[in-house]
Every structure is written in structure tokens, then in C-alpha cells.
Amino acid sequence: MARQAPEGLITALDIGSSKVCALIAQKGDGGELVVLGTGQRESRGVKRGYIADMAATELAVREAVEQAEKIAGFNIEDVWVSFSAGGLISDLVKLEIDLGGHRVDQSDIDHLLKTGRGAIEPNGRMVLHAQPTRYTIDGLAGVKTPLGLHADRLGVEIHVVATEGSPVRNLDLCVRSAHLEVRSIVAAPLATGYACLSDEERELGVALVEIGAAVTNVSVFSQGMLTGLASIPMGAADITDDIASAFGTRRAQAERMKCFYGSANMTPRDNHDMIDVAPVTSDDESEGARITRAQLIAVIRQRLDRLMGEIQKELRRLNFEEPVGRQIVLTGGGAELKGMADYAQQALGRTVRIGRPRGLSALPEAHAGPGFATLAGLAMFAAADPIDLRALDPQNQMVVRPSAGAMLRRLWAAFRTNY
């Protein structure tokens, strides 16, 4: 029988378009995260990252969490949830206050952060993160700890990630309907960066491209923080659908063909390797076709060419152009396709590596691939527990106060009424 969870236990829940995954972890004696249990179920109620069937998604959440609980031996009550749908925006808010030359004490920093919280204008969006990143002393940027320094002016840069409110509320409601408390809803690119990127990569500049089943998220990191976000409504499941349509077979068979025989690159031998294609119906009279591996790869490449074109377009829009040496880290389930890194490197003209989750002990091999980077990153994000300005007002965790405070209070009242 499962026991009540001890203090300090972290449960991550990644709700994607193809799978729902749960991970239970605990901090070890050395500060490392030790995985105690994992669970996974097929996702049937999520389309392009959005909740489309509440009941089906809730069932998948329940089953994935129960599987992880059974392995860990603990019952859990709250979870950290990823949000991977489109519409995410990233912004940087800067402000300063006058100090008159005295030493910075904690009350000055608290006053600055509260002032910064009021300066954020969500423009009708829901704020997922509002994190102070770096301080400035008399215009000098990059100060991590201003406490104790003399300054005439103390400033801060606040990183804000926001999105449309309704999809987040649907996600929140779905998880709570499974009798789980939502500790926080975390933007998937932010979580994935924790699992796949080093501090140095984030500082020097790197693009993280997560190819999910139905959505590809492109995020750019620079000077240690997430600076730009974009979502492309296309992913690995579209490749599967193309294969099923091109060769007249079922999706399940098309997925198997992609995983076992598919590749992003073609060789002369592929013209001679034959693949049996099962028909859509299981009638004895119908016979499946036989295709060459080259034909399969040609269909895969056609979709990948379109996807890489969209990724390149978003990278340009996010000003990810210089210096030339900047790197791209490819992750998500789509990154597991054979030859993907070499293909992407040629298509995007950048150094590309595959990003796999790291920094977790006892992570099962089945959950150690790029398709589970967001899940692992969620646990690492929760363990880091970064400062969030929304916590300065415990009555308003989901939406940051704009200058029109009265309007926001009405929005928050409506939000609480709905739940």
C-alpha cells in the first residue's frame, strides 16, 4: 500500500499531444535529484498542445500518476505541470529606483521587486513566469547580488513569460479534476532548458528546438536567460500521418515504419532495402504493398524540409543570426529520428546536437531520451524553485497586476469563481 509522500518530494507532469508522463523525484543527500518513479500513458485528448477532450486527458493523467506512485511507493498530492501549446511570449521588463548612494539592504531589494511586479503589463494575457534575472548598480548590468553594495540607482531586469489565459485554465482544471493540486504551470521551453542546456550555453547563446508530436517549440537563450519564443503547429506526428497517407496504411503501422526504418538521411543502399506495408484493412483478400526504404525516407524528408524552413524563419525572427558559432540543441520525440542531427545541421547551417535530459539520478533508460527532456526539466525547475514575483501577492498567483488594478481584481475574482 502506498504511503503518504514525505516532505520535499517533487512530482512533474508533462501533458503532451502524444503522451502524458509523470515523474516523482526527491533530493538526495548531495543535493542531486533522485528519480523514485515514472509513469506514462498515451495522450488522446490533446491536440496541438491544447486540451481538446477533458475527460480523456484527465484519465490519462490519473493513470500516469498512479503508475508513478505505484513504483515510488508514495501517494502524491501536488504536481508541477508543463504548458507546451502555442501562444507563449517572452519579454524583459527593466526598471530602476533611486537609493541616494546608501548601501543596498534587503528592504531596498524587496521594494524594487514589488515595484517591478506592478510595472508588468500583461495586456490581457496570463503571466506564467515573472522572474528577476539580473540587477544593475548605477547602470552597471549583470550584478547577481547587489546586497551590501553602495548605489545611487538600483535596477532589475524581470523576465516575463505569458500566454493566452483560456488554455492554461483548461490545463489547470484538467489536472485538478484528477484530484491533484497544481503547484505551478511551467512553460515547457523554460523547463526543457533546465534539462538540456548548460549554464555556459545559455550565457553564450543557444537555440533550443523541441520537436514534439504536434508542436515544435523554438526558444532562444542569451546572457543566461530565455529571450525569445515561437511555436510551430507541426511535429513528428505529421510525419507519421504523411507516411500513412502516402502508402495507404494505418497510423500505428506508419509510426512503426518511421521508428524502425525511417531516417532523415538517404544512402544508395536505401534503393534496394524493401519494406512490407500492412494494408489499412485486415481483410484476407487485401495485400499490403512493398516499398523501398528510399521511398519512405523521401516522404519523411518532404515533411522535414517544410519543418526546417519554418524553424529557420522563426530563428531569423528571433534574431538568432550572429555570432555564426551559435549552437542549436534539438530535443523532443522528433529528435529521436535516425540521422536527425546531421540533417538539421545541414538544413539550418548551424552546429546541432541532440539534447537529452541530464542531472537526474536513477532515471529509467526508457525515459532518458530527448522525448522526455521536458519531464526531467520540470523536476529540475521545481528543485531550483526560482524566485517569482507573483509570489509577492499570494492572492494573485496566476495573473500579474497591470496598472489597471481594479480590472485585474475583477478578472481574478472571475477566475476563482470558475474553480
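This text goes with the structure placed above it.
Below or above, wherever it landed, is the structure these notes cover. (Residues numbered from 1 in each chain as written. Predicted model: local features only at pLDDT ≥ 70, side-chain atom pairs only at ≥ 80, totals over all residues. Heavy atoms only, no water.)

## Remarks on the pattern of salt bridges
Summed over the entire model, instances satisfying the criterion amount to 22 salt bridges. A salt bridge links Arg48 to Asp238, with the nearest nitrogen and oxygen atoms 3.0 Å apart. Separated by 190 residues along the polypeptide, Arg48 in the loop between strand S5 (46-47) and strand S6 (50-51) and Asp238 in helix H6 (residues 236-247) bring together distant segments of the chain. For Arg48, a relative accessible area of 33% corresponds to the partly exposed category. A salt bridge links Glu201 to Arg353, with the nearest nitrogen and oxygen atoms 3.0 Å apart. Linking Glu201 in helix H5 (residues 199-204) with Arg353 in strand S20 (residues 351-354), this pair joins segments that are 152 residues apart in sequence. When salt bridges that share partners are traced, they join Lys94, Arg134 and Glu157 into one network. (Salt bridge = Lys/Arg side-chain N within 4 Å of Asp/Glu carboxyl O. Helix = DSSP H or I, 4+ residues; strand = E, 2+ residues; numbered from the N terminus. Buried < 20%, exposed > 50% of the residue type's maximum accessible area, 1.4 Å probe, protein only.)

## Re the packing of aromatic side chains
Counting across every chain of the model gives 2 aromatic pairs. Each ring, one from Trp80 and one from Phe381, has its centre 6.2 Å from the other, and the planes form 70°; the classification is edge-to-face. Here Trp80 is found in strand S8 (residues 78-83), whereas its partner Phe381 is found in helix H10 (residues 373-384), with 301 residues between them in sequence. Considering the side-chain rings of Tyr194 and Phe381, the 5.4 Å spacing of their centres and the 75° angle between planes classify their relative orientation as edge-to-face. Remark: Phe381 occurs in helix H10 and Tyr194 occurs in helix H4 (residues 188-196); sequence separation between them is 187 residues. An aromatic cluster of at least three residues, connected via ring pairs, comprises Trp80, Tyr194 and Phe381. (Phe/Tyr/Trp six-rings, centres within 6.5 Å; stacked < 30°, edge-to-face > 60°.)

## With respect to the sheet that holds strand S2 (residues 9-15)
Reading across the sheet, the 6 strands line up as S13-S8-S2-S3-S4-S21 and stay open at both edges, with mixed pairing between neighbours. One side of each edge strand has no neighbouring strand; the edge strands of this open sheet are strand S13 (181-187) and strand S21 (360-361). Of the pairings in the sheet, the one linking S2 to strand S3 (residues 19-27) comprises 7 bridges and is antiparallel in character. Residue pairing for S3: Ala12 is matched across the bridge by Leu23. Contacting S8 and S13, H4 runs over the sheet at an angle of about 85° to S13. (Pairing = 2+ DSSP bridges. Contact = heavy atoms within 4.5 Å. Axes fitted to C-alpha atoms, helices over the stretch in contact; angles between N-to-C directions.)

## Details of the nonpolar core
Across soluble globular proteins, you tend to see nonpolar side chains buried next to one another. Of all hydrophobic cores here, the largest spans 64 residues; its most connected members are Leu13, Ile15 and Val81. Here this core takes 9 residues from H10, the largest share from any one element. In contact with Val81, not counting residues within four places along its chain, are Leu13, Ile15, Leu171, Val175, Val182, Ser184, Ile185, Val186 and Leu378. Core analysis: the next-biggest nonpolar cluster, separate from the first, contains 39 residues, Val218, Ile232, Ile275 and Leu296 among them. (Core = buried A, V, L, I, M, F, W, Y, C linked by side-chain atoms within 4.5 Å.)

## What to know about helix H7 (residues 251-261)
Among the residues making up H7, those that are buried are Gln253, Ala254, Met257 and Lys258. The buried residues of H7 all sit within an arc of 140° when viewed along its axis, so they share a single face. Of the exposed residues in H7, those oriented more than 90 degrees away from the buried face are Arg251, Ala252, Cys259 and Phe260. Each element contacted by the buried residues of H7 is listed here: H6, strand S17 (274-276), strand S18 (290-292) and helix H8 (293-317). (Arc of directions from axis to C-beta.)

## Things to note about the packing of H4 against H10
In contact at an axis separation of 7 Å, H4 and H10 are set at 90° when each is read in the N-to-C sense. Classified by the angle their axes make, H4 and H10 are roughly perpendicular. From H4, Ala188, Leu190, Ala191, Thr192, Tyr194, Ala195 and Cys196 reach across to H10, where they touch Ala373, Thr374, Ala376, Gly377, Leu378, Met380, Phe381 and Ala384. (Parallel < 35°, antiparallel > 145°, perpendicular 65-115°, else oblique.)

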